[in-house]
Amino acid sequence: MKVTHSLVLVVMAILEMSREDDGRIWGYALSKKSGVRSGVLYPQLDRMMTEGWLEDHWEDPAPDRKRPPRRYYTVTDEGRRSFGAIAHQARTEKRFAALAPVSPKWGIA
């Protein structure tokens, strides 16, 4: 997969979010965390699933819930390895120097 600025932002957000809430990540929260709009995010998530980096599952529907069930994503072992390589690339390549997520505050340094 081509490593782009938006991919780096999504990967860094996934790495941070996967440490919270039992490792479950849902699209809307990921879009807000990464700053990547949904029209770019969801195709990336689909490609990540095709690569075997993510798995998905749906939240159980609840009749008392006023929203539709969420689609959650979890990172696979292959995904952790690939995301680590992308994070390393983002820290070392000048073209990603302006991206805040590659800083130590994201816990990736």
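(A) Spatial organisation of the pattern of salt bridges. Within this structure, the stated rule accounts for six salt bridges. The closest approach of N and O atoms between Asp 56 and Arg 71, which form a salt bridge, is 2.7 Å. Linking Asp 56 in strand β2 (residues 54-58) with Arg 71 in strand β3 (residues 71-75), this pair joins segments that are 15 residues apart in sequence. Taking relative accessible area as the criterion, Asp 56 reaches 33% and is therefore assigned partly exposed. For Arg 71, a relative accessible area of 25% gives the class partly exposed. The residue Glu 59 makes a salt bridge to Arg 65 at a minimum N-O spacing of 3.3 Å. The network of salt bridges with common partners includes Glu 59, Arg 65 and Arg 67.

(B) Here's a closer look at the environment of Glu 59. With respect to the helices and strands, Glu 59 occurs in the loop between β2 and β3. It is 7.0 Å that separates the C-alpha atoms of Glu 59 and Tyr 72, two residues lying 13 residues apart in sequence. Here Glu 59 is in contact with Arg 65, Arg 67, Pro 68, Pro 69, Arg 70 and Tyr 72, once residues within four sequence places are set aside. At a separation of 2.7 Å, a polar atom in the side chain of Glu 59 contacts the side chain of Arg 67.

(C) The sheet that holds β2, seen in detail. Read from one edge to the other, the open sheet built from three strands follows the order β1-β3-β2, with strand pairing classed as antiparallel. Only two strands of the sheet have a single partner each, and these edge strands are β1 (25-26) and β2. Bridge count for β2 against β3 is five bridges, and the pairing is antiparallel. Looking across to β3, one finds that Trp 58 is bridged to Arg 71.

The rules behind the values
Residues numbered from 1 in each chain as written. Predicted model: local features only at pLDDT ≥ 70, side-chain atom pairs only at ≥ 80, totals over all residues. Heavy atoms only, no water. Salt bridge = Lys/Arg side-chain N within 4 Å of Asp/Glu carboxyl O. Helix = DSSP H or I, 4+ residues; strand = E, 2+ residues; numbered from the N terminus. Buried < 20%, exposed > 50% of the residue type's maximum accessible area, 1.4 Å probe, protein only. Contact = heavy atoms within 4.5 Å. Polar contact = N/O pair within 3.5 Å; in protein donor to acceptor, adjacent residues only side chain to side chain. Pairing = 2+ DSSP bridges.

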